[in-house]
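Chain by chain, the residues run as shown.
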Amino acid sequence: KGEAEAAKGEAEAEASKGEAEAAKGEAEAARAQAVTSKGEASRRHADALSASQAAEAEARAQLDRCRSAHASELEELRARMSAEEARSLRELSEQCGKEQAEAV
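Notes on the structure follow. In this text the structure is predicted, and so the values were computed from the model without any measurement. (Residues numbered from 1 in each chain as written. Predicted model: local features only at pLDDT ≥ 70, side-chain atom pairs only at ≥ 80, totals over all residues. Heavy atoms only, no water.)

1. Remarks on a nonpolar patch on the surface
A grouping of Leu-74, Leu-77 and Met-81 is seen on the molecular surface, where their side chains present a nonpolar patch of about 250 Å² in accessible area. Secondary-structure assignment places Leu-74 in helix 1 (residues 2-103). Looking at Leu-74, the relative accessible area reads 40%, which means it is partly exposed. (Patch = residues over 30% accessible without salt bridge, like charges linked within 9 Å, V, L, I, M, F, W, Y side chains within 5 Å. Areas by Shrake-Rupley, 256 points an atom, 1.4 Å probe, with all protein chains shown as cover. Salt bridge = Lys/Arg side-chain N within 4 Å of Asp/Glu carboxyl O. Helix = DSSP H or I, 4+ residues; strand = E, 2+ residues; numbered from the N terminus. Buried < 20%, exposed > 50% of the residue type's maximum accessible area, 1.4 Å probe, protein only.)

2. With respect to the pattern of salt bridges
One pass over the structure, following the stated rule, counts 5 salt bridges. With a closest N to O distance of 3.0 Å, Arg-60 and Glu-56 form a salt bridge. Taken as a pair, Arg-60 and Glu-56 lie in helix 1 at a separation of 4 residues, close to a single helical turn. Taking the relative accessible area as the measure of exposure, Arg-60 reaches 53% and is therefore exposed. Across the pair Glu-75 and Arg-78 runs a salt bridge, and its minimum N-O distance is 3.0 Å. Within this pair, Glu-75 and its partner Arg-78 are both found in helix 1, separated by 3 residues, close to a single helical turn. According to the relative accessible area criterion, Glu-75 is partly exposed, its value standing at 48%. Through salt bridges with shared partners, a single network forms among Glu-84, Arg-87 and Glu-91.

Encoded structure:
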């Protein structure tokens, strides 16, 4: 009877040992999965950051192009206004000269 109980105890101990080893294997697999998941998350974060930086650089470049285009348009407008003002002044001067000649 004692031998049977000892054998039973040994069998239970072996079963517990097997369960512990299985649990240890599962824990190691879970840890490996967590490391993999963390690496993937880090890679996705780096990719997102890179994409964000590229988008910001493109937005800055587009803003610079717009500023440059508007500066050119503004310079053209100023030149046209100056030419228009000069033409108007000439016309007024000519008109005044004609009026003075007629008055004399």
